[in-house]
Amino acid sequence: AQSVSQHNHHVILSEAASLELGCNYSYGGTVNLFWYVQYPGQHLQLLLKYFSGDPLVKGIKGFEAEFIKSKFSFNLRKPSVQWSDTAEYFCAAYYNNDMRFGAGTRLTVKP
Amino acid sequence: NAGVTQTPKFQVLKTGQSMTLQCAQDMNHEYMSWYRQDPGMGLRLIHYSVGAGITDQGEVPNGYNVSRSTTEDFPLRLLSAAPSQTSVYFCASSLLAGVNEQYFGPGTRLTVT
């Protein structure tokens, strides 16, 4: 069955540190990939998405992600995190009407 | 636009009771879906619909029914509630499946005792 794996359950960083959250998917075909963020007490919001083309995609709030087809990966990065980035981050993959989310990574940024 | 609305926000049920979680969107989106969110498991797709009159099962459909009689509404029915259905339920919609951003509702926190 298709699946999405997020390697880190909880990440704790200090402000200005760099961030990389791992995401791997197991679909065999062409997939659409997403990163969503859920701030405390809020709805899920889209950070960025990848369908095709340049494998390095830029999203909102300074986030970017790189699609590496050979590794089935779509890691999320940010060069310098802020306290306001404290949230839960979800990777998702869409294939043939089936949308699968990873288990999520909780990011805590210490001021 | 109100976006995606869900009611109720909180609900407590006894085992065996049935209920319907309501979801509506006013963005004329074709694709609507229901997820449950459990700690450590992310969001899991329960049912989805690619348009009025069309529904299909997701990853965890057992114990749930859906219907899509209009573009706007996509209710989720729990037929006979079980403690394993204690969860937070999110409804989402997008213009087209898997292409456009999904807009999520505020969620319904359901407890089954």
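Above: the structure in question.
Residues numbered from 1 in each chain as written. Chains lettered and ligands numbered in written order. Predicted model: local features only at pLDDT ≥ 70, side-chain atom pairs only at ≥ 80, totals over all residues. Heavy atoms only, no water.

**Let's talk about the overall build of chain A**
Consideration 1: From N to C terminus, chain A includes 0 helices and 12 strands.
Consideration 2: Element order for chain A, N to C, with α for helix and β for strand: β-β-β-β-β-β-β-β-β-β-β-β.
Consideration 3: Dimensions of chain A along its principal axes, counting C-alpha atoms only, are 40 × 25 × 20 Å.
Consideration 4: Residue burial in chain A is summarised as follows: out of 111 residues, 47% are buried.
Consideration 5: Within chain A, contacts between residues at least 6 apart in sequence are counted, and of these 53% link residues at least 24 apart.
Consideration 6: With an accessible surface of roughly 5300 Å², chain A has 51% of that area assigned to carbon and sulfur atoms.
Consideration 7: Both charge centroids of chain A, one from 10 positive and one from 8 negative side chains, sit 2 Å from each other. (Helix = DSSP H or I, 4+ residues; strand = E, 2+ residues; numbered from the N terminus. Buried < 20%, exposed > 50% of the residue type's maximum accessible area, 1.4 Å probe, protein only. Contact = heavy atoms within 4.5 Å. Areas by Shrake-Rupley, 256 points an atom, 1.4 Å probe, with all protein chains shown as cover. Lys, Arg positive; Asp, Glu negative; His and termini not counted. Charge placed at Lys NZ, Arg CZ, Asp CG, Glu CD.)

**Points about the pairing of strand β9 (residues 73–78) of chain A**
Residue and element names in this part refer to chain A.
Consideration 1: With 5 of its 6 residues buried, β9 lies for the most part within the structure.
Consideration 2: Sheet topology places strand β3 (residues 19–21) next to β9; 3 bridges connect them, and they run antiparallel. Directly across from Glu 20, in β9, lies its bridge partner Arg 77.
Consideration 3: For strand β8 (residues 64–68) and β9, the ladder comprises 5 bridges, and the chain directions are antiparallel. (Pairing = 2+ DSSP bridges.)

**Looking at the pattern of salt bridges**
Residue and element names in this part refer to chain A.
Consideration 1: Under the defined criterion, the tally for this structure stands at 8 salt bridges over all chains.
Consideration 2: Measuring nitrogen to oxygen at the nearest pair gives 3.1 Å for the salt bridge that ties Arg 77 to Glu 66. Of this pair, Arg 77 sits in strand β9 while Glu 66 sits in strand β8, and the two are 11 residues apart along the sequence.
Consideration 3: Judged by relative accessible area, Arg 77 falls into the partly exposed class, the value being 22%.
Consideration 4: Given a relative accessible area of 28%, Glu 66 falls into the partly exposed group.
Consideration 5: The shortest N-O distance in the salt bridge between Asp 85 and Lys 78 comes to 2.8 Å. When sorted by exposure, Asp 85 lands in the same class as Lys 78, which is buried.
Consideration 6: Salt bridges sharing common partners tie together Lys 58, Glu 64, Glu 66 and Arg 77. (Salt bridge = Lys/Arg side-chain N within 4 Å of Asp/Glu carboxyl O.)

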